Structure formats: structure tokens, C-alpha cells
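Descriptive structure summary
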Amino acid sequence: MKKTELKELMINSLNPDGDNSLIASRLEDEGVSYNFSNDFSEKVTNKLFAAASGITRELEFVKGLNYVFYRIAFTGIAAILILLLSIFLSEGSLSVNSFLGLGNGYDESIFYILAGN
Amino acid sequence: MKESYRQTDEIELVKASIDGDRLAFSEIVSRYQKMVARTIKGMLGDSVFSEDIGQEVFIKLYNSLPEFRGEAKLSTYIQKIAINLTLNEIKRRKRFFSMFSQKGNSEMYEFEVADLDSTEKRDAAEVVNKALMNLEPKFRVIVAMRMLQGYSTKETAEILGLPLGTVLSRLSRAQEQLKDILTKL
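Summary of the structure given here. (Residues numbered from 1 in each chain as written. Chains lettered and ligands numbered in written order. Predicted model: local features only at pLDDT ≥ 70, side-chain atom pairs only at ≥ 80, totals over all residues. Heavy atoms only, no water.)

**Considerations on the overall build of chain A**
For clarity, the threshold we go by: By the criteria applied, helices consist of DSSP H or I runs no shorter than four residues and strands consist of E runs no shorter than two, each listed in order from the N terminus. Burial status follows relative accessibility: with a 1.4 Å probe on protein chains alone, a residue under 20% of its type maximum counts as buried, one over 50% as exposed, and anything between as partly exposed. Methods summary: accessible areas were calculated by the Shrake-Rupley approach with a probe of 1.4 Å, and residue burial reflects only the protein chains presented.
Looking only at helices and strands, one finds five helices and zero strands in chain A. Secondary structure elements of chain A occur, N-terminal to C-terminal, as α-α-α-α-α. Residues counted as buried form 21% of the 117 residues belonging to chain A. Of the accessible surface of chain A, which amounts to about 8,700 Å², a share of 63% is contributed by carbon and sulfur atoms.

Take a look at the structure:
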């Protein structure tokens, strides 16, 4: 196709009532063709599904982390309760002194303990 | 899960894709990639960046498939996504170039004329690309729809979500602008 013919075709393609269904294919025959690379479809699906599996892995990790957190938290709470109970049973109260193991002792006895006498 | 979706209609393809069937979505991409390439490359020029936007179009499509109710054709739905993303890219480039460069309108776009077997074909591709890139973006999108995709005026209005009268007036102004551009080429 000559350049002038091509230009005319382009201008006529913008006529409001013209049938353009053939113009695109005529232009394609003249080398006006647009396409993506051959592996375009593969690239898109790889990007999409790799991202999806990445998200799944991330979700599983977060779930696992939650599980471990709850296990540790419950064990910790149970340990604290047992400790409180044992302090209460041995010292008879839950005061600061009983926590420090000073329930029934005189102040002076601390120095004995610290001095090792 | 099917082994091949070549003969499958688009509604079934959409359903299978929503269920995470990679092969079904790959078939959608294969069917519509050329259409998307025409729109994006017709509006942005033929460069590697166009392919990135093409990928973005299909990724956006995949994520919005659950919202696709099948009232319009899938091709129309994809076309709308492609146009919106391309117009956003044009705006982004315009902002970038207005801040950092003195380049003119057509220099914002790149074109790589493919290795064509004859000089005549290469010239034809160059004339069309140059003409398109010199058009204003609002006209370029209409020209891409009419000239490269072969849509009727009514279909163009539907895809762009514009009243028919607006499309007609833009077509006539685009035609004038195209005539001016082509006389210089």
C-alpha cells in the first residue's frame, strides 16, 4: 500500500458511520501489528499464581506463629498460677514479703543470710 | 480441572479462573492479549513498558473477576481496564516529563518498529505510530478503538462510558487533528 493510500485509510477509519471491521485487518496486513512477547501469557500466570502461593505461605506462617504464641501464653499463665498457689500455701499470704521469701523472718536475719553466717 | 479450554465459553472460563484454575485464566489471557496489546501499544507506543501495563491489566482482571457479573462482554470489561491503566500511565508520564524534561508530546512515547520483512511495511508501521503518538490522549483512545480495534461508534461510546454525542464530536476533532499530523509526515 502506498503512503497516501495508508493515510487516506487512517483518516477514513474515523468516519462515524464507516464499517471498521476490515480496516484493522488491512492495517495488520500492512505491518501495523501490535502484540506482546510469545511468553506473555506464561509471564502473567506465573506472576499471579506465584504471588498467590506466596500469600498462602505467609498466611500459614502467621497461623503457626499464632498457635505458638497461644501455647507459650497459656503455659506461662499456668506456671504463674502454680507459683502463686505454692507461695500462698508455703507462706500463708500473697504479700510482697512472701514473694521475696521474707514472710516470717526478722529484718536482721537478712544480714545473716547475706553474710552467710 | 480440564486439560484444555480452547472450546470453552467465557462464562465458564471466568468461573474456573475464580476457582483458581490457572489453565482457564491462561486461556483468557491468550484470547484477549492481542486486543489489549492493540489498545495499549496504540495509545502508549510500542515499547517494553507497554508489556508491563499489559501484565497489569490481566492481573487487575484476575483480582476483579469475582465482581464480573457477566452483564457486559468480557472483552468490553478487559478493554475498560486496559484503557484506564493506559490513561493513568499517560498522566503519570505527563507529570514526570513536565517536571523533569522539556520534551514534546510525541517524545514521551517510544516506538520500536518490529523487524518487518519489507521497507514499505516498516514505513507504514512508523507512519501509524507517529500519527497516533502526536494525537492528544483523549483523541488517541478513540482512534485506537475505531482504527485499531475496528469498533463501531456505538461500541466505542459503550467501552469509554461516554455519551454517543461526545464520541461523535471527538471523532470529528480527532479526524481533523489526524489530517494535520499526516500532512506533516
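**Remarks on the interface of chain B and chain A**
Operational definition: Note on definitions: a residue-residue contact is assigned when non-hydrogen atoms from the two residues lie within 4.5 Å. Think of a salt bridge as a Lys or Arg side-chain nitrogen and an Asp or Glu carboxyl oxygen that are within 4 Å of each other. Any pair of N or O atoms that falls within 3.5 Å is considered a polar contact. Within protein, one atom must be able to donate a hydrogen and the other to accept it, and sequence-neighbouring residues count only if both atoms are side-chain atoms.
Listed per partner, the contact involves 48 residues of chain B and 36 residues of chain A. Put simply, Lys-34 of chain B and Glu-28 of chain A hold a salt bridge, and the shortest N to O gap is 2.8 Å. Applying the counting rule to chain B against chain A returns 13 residue pairs in polar contact (both at pLDDT 80 or more). At the level of elements, α2 (22-44), α3 (48-64), α5 (119-134), α6 (137-148) and α8 (164-184) of chain B are the ones that each hand at least two residues to the side of chain B that touches chain A.

**Some thoughts on the packing of aromatic side chains**
Note the following rule: Pairing of aromatic rings covers Phe, Tyr and Trp, the last through its six-membered ring, and needs centres within 6.5 Å; plane angles under 30 degrees mean stacked, over 60 mean edge-to-face, and all others mean tilted.
Applying the stated rule across the entire model yields seven aromatic pairs over all chains. Relative to Phe-40 of chain A, the ring of Phe-36 of chain A has its centre 4.3 Å away and its plane inclined at 20°; by these criteria the two rings are stacked. Neither Phe-36 of chain A nor Phe-40 of chain A differs from the other in exposure class; each is buried. Summarising the aromatic geometry, the rings of Phe-68 of chain B and Tyr-77 of chain B are spaced 5.0 Å apart at their centres and angled 50° between planes, so their arrangement reads as tilted. Looking at Phe-68 of chain B, the relative accessible area reads 11%, which means it is buried.

**A closer look at the pattern of salt bridges**
As a working rule, side chains carrying opposite charge can pair if their charged atoms are close by. Applying the stated rule across the entire model yields ten salt bridges over all chains. A salt bridge links Arg-92 of chain B to Glu-89 of chain B, with the shortest nitrogen-to-oxygen separation between them at 2.8 Å. On the criterion of helical spacing, the pair formed by Arg-92 of chain B and Glu-89 of chain B is a turn pair, its members being three residues apart in helix α4 (residues 74-100). Put simply, Lys-130 of chain B and Glu-126 of chain B hold a salt bridge, and the shortest N to O gap is 3.4 Å. Note that Lys-130 of chain B and Glu-126 of chain B are positioned in helix α5 at a spacing of four residues, about one turn of the helix. Taken together, the shared-partner salt bridges connect Glu-28 of chain A together with Lys-34 and Arg-38 of chain B into one network.

**Some details on helix α1 (residues 10-18) of chain B**
All names here are of chain B. This is how the line gets drawn: Directions from the helix axis toward the C-beta atoms define the arc.
Among the residues making up α1, those that are buried are Leu-13, Val-14, Ala-16 and Ser-17. For α1, the angular spread of buried residues about the axis comes to 165°, placing them on one side. Backbone nitrogen of Ile-11 and a side-chain oxygen of the N-cap are separated by 3.2 Å at the start of α1; the cap is Asp-9. Phi for Gly-20, located one or two positions after α1, is positive at around 90°.

**What to know about helix α1 (residues 3-12) of chain A**
Taken together, the buried positions of α1 of chain A are occupied by Leu-6, Lys-7, Leu-9, Met-10 and Ile-11 of chain A. The inward-facing, buried residues of α1 of chain A abut α2 (23-29) of chain A together with α5, α6 and α8 of chain B.

**Details of the nonpolar core**
Here is the rule: Residue types Ala, Val, Leu, Ile, Met, Phe, Trp, Tyr and Cys, when buried and joined through side-chain atoms within 4.5 Å, form a set referred to as a nonpolar core.
With 67 residues, the main nonpolar core has Phe-25, Phe-58 and Ile-78 of chain B as its most contacted residues. In this structure Phe-58 of chain B touches Phe-40, Val-44 and Leu-48 of chain A together with Phe-25, Ile-28, Val-29, Tyr-32, Gln-33, Val-36 and Ile-78 of chain B, once residues within four positions along its chain are discounted.

**Description of the side chain of Thr-39 of chain B**
On the secondary structure map, Thr-39 of chain B appears in helix α2. Residues within four places of Thr-39 of chain B in sequence aside, it is in contact with Gln-79, Ala-82, Ile-83, Met-145 and Gln-149 of chain B.

None of the figures reported here should be taken as evidence of function without further support.
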